[in-house]
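# Coordinate inspection notes
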Amino acid sequence: MTGTTHASTALLIDHYELTMVQAARHSGTADRRSVFELFPRRLPAGRRYGVVAGVGRALDAIEAFRFDPAAIAALEGVVDPDMLDWLASYRFTGDVWGYAEGEAYFPHSPLLVVEGTFAEAVLLETVLLSIYNHDSAIASAASRMTLAAGERPCIEMGSRRTHEQAAVAAARAAYVAGFDASSNLAARAAYGVPSTGTAAHSFTLLHDEETDAFRAQVQTLGVGTTLLVDTYDVAEAVRRAVEVAGTELGAVRLDSGDLGLVARDVRAQLDSLGATRTRIVVTSDLDEFAIAALAAAPVDAYGVGTQLVTGSGHPTCGFVYKLVAREGEDGELVSVAKKSTDKVSVGGRKYALRRLSPGGTAQAEVLGIGEAPADDGDDRSLLVPLVRDGEVVGRATLDEARARHRASLAELPRAITQMSAGEAVIPTVFEQ
């Protein structure tokens, strides 16, 4: 969805954002130039890198952030009438920079830098965090899964395991991070994510004989379809599948049992029947660890559901949105930072680059405070313009995001391929 009209996102905020703006307008500070940053204090425990996703959805949300008459009516009694009048004319007119969608990130990476008046910028806090925390959690899990899968394709099929709208966003985020397709048709319609799917166990159980189900599916979808062969007896089902579809059967799907062991038996049986090109697709509560464990098995593709849409143990990234600089009495920006225990922020507007070796391997995430860090000639700047004077300027296609993800991971040290828990593969370095 790019450049289209969206339903208002203005009520996807927390109550206190409105009360802060109302109070700031009374104190005369609401129009102070301010810089907010969205960033992680740390990676989820054990993760070696994260993946940025949701950028395109966030830009859509900023464009749609308008307090229409329905939103204004809903806020009566929440803020005073003068504040309601101000909200009715609200438009974000500031600037936003950020990491491109698909980029890898590390602790303290300034994934978004939002500059505008305090009143304009603070209202975006919750909706931006909601999108980035969810989508980046899914993309980070998906990236680990596609790394573990290697050249074997991964299919997203977790819609029934999460909220219906989260399912659409999850399919999109997974596609950014390398998944080949999704079962979710809303993601296909909204974002162009390729969709796929054939039949469930209920289709087999509907028919009097398993062979009848296979025949109906092949006659309708062609011999290239994927037949589900573990409703009853796997070996008998494989025999019947080849009998019905012939040796050019597209694939069989396994959804239960010891997938590695069963896949080996099925591969041997398919080959013995002459179906040497029939692929084996496995599903059933897969995560990156299960996918890695199946690396030596004769598996051709993976279908992933629950573990993907729940972030494989990390359903949020822990991103925060903090004021890091605001206009002082002289009109210049003044650094500000939170000092609370375990929640310390680093004040000052950040600039980011990925320090690379002469051979192109990432060595550090370098963050300049107040000005851009020095580029030694091999480095890559990370912040790109997303919004200028309130207008979106940084849209990217999903294909561009997928390409960015591949290129970003190709720069990182080989330790990212390790599924065991560890520290970030590159350090974050601040330069004053």
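See above for the structure.
Please read all numbers here as calculations on a predicted model, not as lab measurements. (Residues numbered from 1 in each chain as written. Predicted model: local features only at pLDDT ≥ 70, side-chain atom pairs only at ≥ 80, totals over all residues. Heavy atoms only, no water.)

### A short note on the overall build of the protein chain
- The secondary structure content of the protein chain amounts to 15 helices and 19 strands.
- Seen through its principal axes, the protein chain has C-alpha atoms that stretch 80 × 55 × 35 Å.
- Here the protein chain holds 432 residues, and the buried ones make up 51% of them.
- Across the protein chain, the fraction of contacts at a sequence separation of at least 24, relative to all contacts at a separation of at least 6, is 74%.
- For the protein chain, the accessible surface area stands at approximately 18600 Å², while carbon and sulfur atoms represent 50% of it.
- Placing the 40 positive and 57 negative side-chain charges of the protein chain at their respective mean positions leaves the two points 3 Å apart. (Helix = DSSP H or I, 4+ residues; strand = E, 2+ residues; numbered from the N terminus. Buried < 20%, exposed > 50% of the residue type's maximum accessible area, 1.4 Å probe, protein only. Contact = heavy atoms within 4.5 Å. Areas by Shrake-Rupley, 256 points an atom, 1.4 Å probe, with all protein chains shown as cover. Lys, Arg positive; Asp, Glu negative; His and termini not counted. Charge placed at Lys NZ, Arg CZ, Asp CG, Glu CD.)

### Some details on the packing of aromatic side chains
- Under the definition given, this model contains 7 aromatic pairs.
- Ring geometry for F36 against F118: centres 5.9 Å apart, planes inclined by 40°, an arrangement best described as tilted. Within this pair, whereas F36 is found in strand β1 (residues 33–40), its partner F118 is found in helix α5 (residues 118–122), the two being separated by 82 residues in sequence. In this structure, F36 and F118 share a single accessibility class: buried.
- Measuring from ring centre to ring centre gives 5.2 Å for Y105 and F319, while their planes differ by 70°; the resulting arrangement is edge-to-face. Taken together, the positions of Y105 in strand β4 (residues 104–105) and F319 in strand β12 (residues 319–327) put the pair 214 residues apart, joining distant regions of the chain.
- On the basis of relative accessibility, which here comes to 1%, the residue Y105 falls in the buried class.
- For F319, a relative accessible area of 5% puts it in the buried group.
- Within the aromatic cluster, the residues linked to one another by ring pairs are F65, F67, W86 and Y90. (Phe/Tyr/Trp six-rings, centres within 6.5 Å; stacked < 30°, edge-to-face > 60°.)

### Some words on the environment of I138
- Tracing the chain through its elements places I138 in helix α6 (residues 125–149).
- For I138, a relative accessible area of 1% gives the class buried.
- In this structure, the C-alpha to C-alpha distance between I138 and G50, residues 88 residues apart in sequence, is 9.9 Å.
- Among all residues touching I138, those that are not within four sequence positions of it are A170, A173, A174, L308, V309, T310 and G311.

### Structural notes on the nonpolar core
- Grouped together as the largest cluster of nonpolar side chains are 58 residues, with contacts concentrated most on F67, L128 and Y132.
- With 6 residues, α6 is the single largest residue contributor to this core.
- Setting aside chain neighbours within four positions, we find L128 in contact with L38, A58, I62, L112, V114 and Y321.
- Ranked by size, the runner-up nonpolar core spans 54 residues in total, among them V229, L249, L409 and M419. (Core = buried A, V, L, I, M, F, W, Y, C linked by side-chain atoms within 4.5 Å.)

### What about the sheet that holds strand β16 (residues 380–381)?
- One open sheet accounts for 4 strands, arranged β16-β14-β15-β19; its pairing is mixed. The open sheet has two edge strands with one neighbour each: β16 and β19 (428–431).
- Pairing of strand β15 (residues 362–369) with β19, which is carried by 4 bridges, proceeds in the parallel orientation. For E365, the partnering residue across the bridge sits in β19 and is T428. (Pairing = 2+ DSSP bridges.)

### What about the pairing of strand β5 (residues 112–117)?
- A large share of β5 lies buried, amounting to 6 of its 6 residues.
- Sheet topology note: the β1/β5 ladder contains 6 bridges and is antiparallel. By the bridge assignment, L38 is partnered in β5 with L112.

### Side note on the sheet that holds strand β6 (residues 154–156)
- Sheet architecture is open: 6 strands sit in the order β7-β6-β11-β10-β9-β8, paired in parallel fashion. On the outer flanks of this sheet lie β7 (181–182) and β8 (226–228), each paired with one strand and no other.
- As defined by bridge partners, β6 adjoins strand β11 (residues 301–304) across 3 bridges and the pair is classed as parallel. By the bridge assignment, E156 is partnered in β11 with V304.

### Focus on helix α2 (residues 55–63)
- In terms of residue burial, α2 counts as a mostly covered element, since 7 of its 9 residues are buried.
- Those residues of α2 that sit buried are V55, G56, A58, L59, D60, A61 and I62.
- Of the surrounding elements, those touching the buried residues of α2 are β3 (95–99), α6, α7 (164–176), β17 (383–388) and β18 (391–392).

### Considering the packing of α2 against α6
- At a minimum axis distance of 9 Å, the contact between α2 and α6 shows a crossing angle of 165°. What the angle tells us is that α2 and α6 run roughly antiparallel. Every pair of crossing elements has a handedness; the one defined by α2 and α6 is right-handed. Contacts between α2 and α6 pair V55, R57, A58, A61 and I62 from the former with V127, L128, I131, Y132 and D135 from the latter. (Axes fitted to C-alpha atoms, helices over the stretch in contact; angles between N-to-C directions. Parallel < 35°, antiparallel > 145°, perpendicular 65-115°, else oblique. Left-handed = near helix turned anticlockwise from the far one by under 90°.)

### As for the pairing of strand β14 (residues 350–356)
- With 6 of 7 residues buried, β14 lies mostly within the body of the structure.
- Sheet topology places β14 next to β15; 7 bridges connect them, and they run antiparallel. Across the sheet, residue L353 finds its bridge partner in β15, namely V366.
- Turn length for the β14-β15 hairpin, with the two strands adjacent in sequence and antiparallel, is 5 residues, and the turn residue G360 shows positive phi of about 95°.

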